[in-house]
Structure formats: structure tokens, C-alpha cells
Amino acid sequence: RHDLPGLVAERLTAVRGTVVDVGCGNGTFLTRIRRDRPDLTVLGLDLSAGILAEVPAPVAVADAARLPLATGSAAAALALHMLYHVPDIPAAVRELSRVLAPGGLLIASRFLKGVSAAFTAPAGLSIITTTFAEGPARNRALSIYTTCGASGFSLGLVLSGLLTAALRRRVRRL
């Protein structure tokens, strides 16, 4: 198993000051960071007041597209497994960029796409294997299916890299 909260905490080794966990949900990541790095001020923000009721303070209800923080006030910002919930992702990214101090660290990740692929890939393969009899037609269908899947995966990695690079440049300019 992967220790995702531990991996995030390790990435914060050089960070000093305030870390904001935008879309903190049940507080898994901020709790671990607070435990491993008591020298940091870790603020949890989420749109759901209900989920924040069980998260240790300091926390606040906030929209990722309108963060209640001063410009440049965070040494690091986390947006972990939450951007797919945000109706206006570019606005949320602008806000994350705005609240980061110059040279600040942004850690963002997505979860839904990988989980969706894990559920849909077997269904796609099942459709192909039940629709096409063994032989050249099935082999061709499987070839097309895997080529499209691999291309989509590769394109997603490239686009994610470009988005990360563009965001990094934007954050450095602020």
C-alpha cells in the first residue's frame, strides 16, 4: 500500500510557515502533516461544513474559487483529490496561485480518472470479448481498444505535465 499522506508530508520538508489544504475533506492529509510537522500552521478548507465538523481546527468553510486568504499568505497549498468537484477549475487554480507566496509549493493530484478507468476497462474488454468471436475480428477490436486506451493515458500524462509546468511558471511570476 502507498502512504499518500506520508508522501505529501515528505514533499513539505523544505516548507516553513502556513500550509493550506484546499478541499481537505475528512482531514486525512492535514492530520498527518500536523503530526509529522508540528512546526507548520496547517489550515483545512472545504466547501462542506458537515465534513469539517469532525476535522480538528483550524478549519473553515471555503469555496476553492474564492479562498478567504490573503495574497501570498501560504508557503504551500494542497489540492488533493478534489479538483473534479470544482465547477470552475481554472478559477480554483488561479486562487491557489494567488494565495501561494513567491516560490511556494503547490501539490495537486487527481484520483477519479484512475478509479474510473479501473472500473470501465474491464467492462470494455467484456463487451469486446462477448461481441466478437475469437479470431481476427476480436483481435482487431482488442487492438483498437488498447491503442485508444494507451493513447488516452499517454495524452493525459502529457497534458498533466504541461498544465503543471504552466502553473509552475505562473506561480513563480507572482
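Just so you know, these numbers come straight off a predicted model, no measurement behind them.

Thresholds, definitions, all that
Along every chain, residues carry numbers that run from 1 in the direction the sequence is written. Where totals are concerned, whole chains, interfaces and linings use all residues; where local detail is concerned, this predicted model gives features only for residues with pLDDT of at least 70, and gives and counts side-chain atom pairs only at 80 or more. Side-chain numbers here rest on the full set of heavy atoms in the structure, without hydrogens or water. All axes here are fitted lines through C-alpha atoms, helices being fitted over the stretch that makes contact, and every angle between N-to-C directions spans 0 to 180 degrees. We count a stretch as a helix when DSSP gives it H or I for four or more residues in a row; a strand needs E for two or more, and each element gets its number in order from the N terminus. Orientation is classified from the angle alone, with under 35 degrees giving roughly parallel, over 145 giving roughly antiparallel, 65 to 115 giving roughly perpendicular, and any other angle giving oblique. For any helix crossing, the convention is left-handed if the near helix is rotated counterclockwise from the far helix by under a right angle, and right-handed if that rotation is clockwise. In what follows, residue pairs with any heavy atoms lying within 4.5 Å of each other are defined as contacts. Each residue is assigned to one of three groups, with Ala, Val, Leu, Ile, Met, Phe, Trp, Tyr, Cys and Pro labelled nonpolar, Asp, Glu, Lys and Arg labelled charged, and all others, Gly among them, labelled polar. Only strands joined by at least two bridges in the DSSP assignment are considered to pair. Under the scheme applied here, a residue whose accessible area is under 20% of the maximum for its type counts as buried, over 50% as exposed, and between as partly exposed, the area being computed with a 1.4 Å probe on protein chains only. This arc is built from the directions going out from the helix axis to the C-beta atoms.

Honestly, the packing of helix H1 (residues 4-11) against helix H2 (residues 28-36) in this entry has me stumped. Any pointers?
Two elements in contact, H1 and H2, have axes whose closest approach is 9 Å; the angle formed by their N-to-C orientations is 50 degrees. Comparing their axes, H2 and H1 come out oblique. Along this stretch, H1 crosses H2, giving a crossing that reads as right-handed. Contacts between H1 and H2 pair Leu-4, Pro-5, Gly-6, Val-8 and Ala-9 from the former with Thr-28, Phe-29, Arg-32, Ile-33 and Asp-36 from the latter. Its residues placed into classes, the contact of H1 with H2 shows six nonpolar, two polar and two charged.

Where do I start with the sheet that holds strand S3 (residues 59-61) in this structure?
Picture the strands of a sheet paired through backbone hydrogen bonds; they go either parallel or antiparallel. Read across the open sheet, the five strands follow the order S3-S2-S1-S4-S5; overall the sheet is parallel. Whereas interior strands pair on both sides, the edge strands pair on one side only; in this sheet they are S3 and strand S5 (100-109). Going across the sheet, the axis of each strand differs from the next one's by a mean of 20 degrees, ignoring polarity. Direction of pairing for strand S2 (residues 41-46) relative to S3: parallel, over a ladder of three bridges. Considered in S3, the bridge of Leu-45 is made with Ala-60.

Can you walk me through the pairing of S2 in this structure?
On a regular strand, each side chain points to the face opposite its neighbour's, so the side chains alternate between the two faces of the sheet. The buried count for S2 comes to five of six residues, which makes it a mostly enclosed element. When strand S1 (residues 18-22) meets S2, the two strands line up parallel, connected through five bridges. Within S2, the residue paired with Val-20 across the bridge is Leu-43.

Any chance you could explain H1 here in plain terms?
Every α-helix carries 3.6 residues per turn, so stepping three or four residues along brings you back to the same face. Of the residues making up H1, those classed as buried are Pro-5, Gly-6, Val-8 and Ala-9. For H1, the angular spread of the buried residues around the axis is 160 degrees, confining them to a single face. Exposed residues lying more than 90 degrees from the buried face of H1 are Glu-10 and Arg-11. On its buried side, H1 packs onto H2, strand S4 (74-80) and S5.

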